[in-house]
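# Observations on the three-dimensional arrangement
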Amino acid sequence: MSSLLNHLKGLHSTPHSPTAARSLRALARLLAYPNAELRAHLSDLLEALHAEQGLSEARLAGLERLVSQLEGADGYEVESDYVALFDRGRATSLHLFEHVHGDSRERGQAMVDLVQTYEQAGLRLKPDNGGELPDHLPLVMEFASTLDASAAQGFTGEFAHILNALYAALLKRRSLYAHIPAAVLELMGHAIAPTEVPEDEALDDAWAEPAAFDGCSTKGQQRADQPQPIHIVRTPRASASTPQRGA
């Protein structure tokens, strides 16, 4: 982060960088975990967004409100709110394949394909990568910022529906972070059309073990408020002539 300004300025002079490269990179940083280092450079990110003039005044105003909120709140509160918003529910997950594949095996293959896409473009992730997976949206946005304008638009178009779903989910939670996926859609020329967001069970609840000695779970029962019948089936005893295991 200490070289953020130099990095943004470098993008401006890169011959093959898209017109929106600096804005995409700035938006990616705004969507990253808001630790103290990032919060110290929020005004720099806003400056980069204003300088490139790729976003509407209304969208820039929304991003300014987000930055003002992050700068004005207690640091611990900002970080804990971020975790609660993005790490505890699938609807607002920042991992793209979480929205498409959930926890299925297909997600692993999609991850491999995405890494190959990065490598074919001449980019390689660090071994630890800060603990983030290749489909983490800020990372995906940074990759898009290295593409030329046409390729960046085509690449982001492949997950524009996920950006719209994330936008809708963040709007539903009244979060100013909603301006970030909307800004990416606007910047790349994609329609902003928030989709219907189903009720999303928090990951902690979905994976929670039932309490010991707390009776049977009612999940999936058609009439959970009614007594449920228990069927006991008696299995026939083995006859005396049936050979026993180990006899």
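Since the structure is predicted, the reported quantities are computational estimates derived from the model, not experimental observations.

About the cut-offs
- Residues numbered from 1 in each chain as written.
- Predicted model: local features only at pLDDT ≥ 70, side-chain atom pairs only at ≥ 80, totals over all residues.
- Heavy atoms only, no water.
- Salt bridge = Lys/Arg side-chain N within 4 Å of Asp/Glu carboxyl O.
- Helix = DSSP H or I, 4+ residues; strand = E, 2+ residues; numbered from the N terminus.
- Phe/Tyr/Trp six-rings, centres within 6.5 Å; stacked < 30°, edge-to-face > 60°.
- Buried < 20%, exposed > 50% of the residue type's maximum accessible area, 1.4 Å probe, protein only.
- pLDDT = per-residue confidence, 0-100.
- Contact = heavy atoms within 4.5 Å.

### Let's talk about the pattern of salt bridges
- Tallying each qualifying case throughout the model produces 4 salt bridges.
- Between Glu-142 and Arg-25 there is a salt bridge, and its shortest N-O distance comes to 3.2 Å. In this pair, Glu-142 sits in helix 9 (residues 137–144) while Arg-25 sits in helix 2 (residues 21–30), placing the two residues 117 residues apart along the sequence.
- The closest approach of N and O atoms between Arg-29 and Glu-142, which form a salt bridge, is 2.9 Å. Residue Arg-29 is located in helix 2, and its partner Glu-142 is located in helix 9; the two are separated by 113 residues in the primary sequence.
- Several salt bridges share partner residues, and in doing so they unite Arg-25, Arg-29 and Glu-142 into one network.

### Concerning unusual backbone geometry
- Positive phi values are uncommon outside glycine, yet Gln-53 reaches one of about 60 degrees.
- Mapped onto the elements of the fold, Gln-53 is located in the loop between helix 4 (42–52) and helix 5 (57–72).
- Its identity as a non-glycine residue notwithstanding, Arg-174 has a phi of 55 degrees, on the positive side.
- Counting through the fold element by element, Arg-174 comes out in the loop between helix 11 (160–172) and helix 12 (179–187).

### Quick word on the packing of aromatic side chains
- Applying the stated criterion to the full structure yields 6 aromatic pairs.
- Judged by centre distance (5.6 Å) and plane angle (85 degrees), the rings of Tyr-33 and Tyr-82 are edge-to-face. Residue Tyr-33 is found in the loop between helix 2 and helix 3 (36–39), and its partner Tyr-82 is found in helix 6 (residues 75–86); the two are separated by 49 residues along the sequence.
- Judged by centre distance (5.2 Å) and plane angle (80 degrees), the rings of Phe-86 and Tyr-177 are edge-to-face. Note that Phe-86 is positioned in helix 6 and Tyr-177 in the loop between helix 11 and helix 12, a separation of 91 residues in sequence.
- Residue classification places Phe-86 among the buried residues on the basis of a relative accessible area of 3%.

### Some points on helix 4
- Residues of helix 4 that are buried include every one of Leu-42, Asp-44, Leu-45, Leu-46, Ala-48, Leu-49 and Glu-52, and no others.
- Immediately beyond the C-terminal end of helix 4, within one or two residues, lies Gln-53, with a positive phi of roughly 60 degrees.

### Quick notes on the confidence of the model for the chain
- Here the chain averages 76 in pLDDT, while 64% of its residues score no lower than 70.
- Low pLDDT, under 50, characterises residues 206–235; the predicted model gives this stretch 8 contacts beyond four residues in sequence or across chains.
- Throughout residues 238–243 the model reports pLDDT below 50, and contacts reaching past four residues in sequence, or to other chains, amount to 0 contacts.

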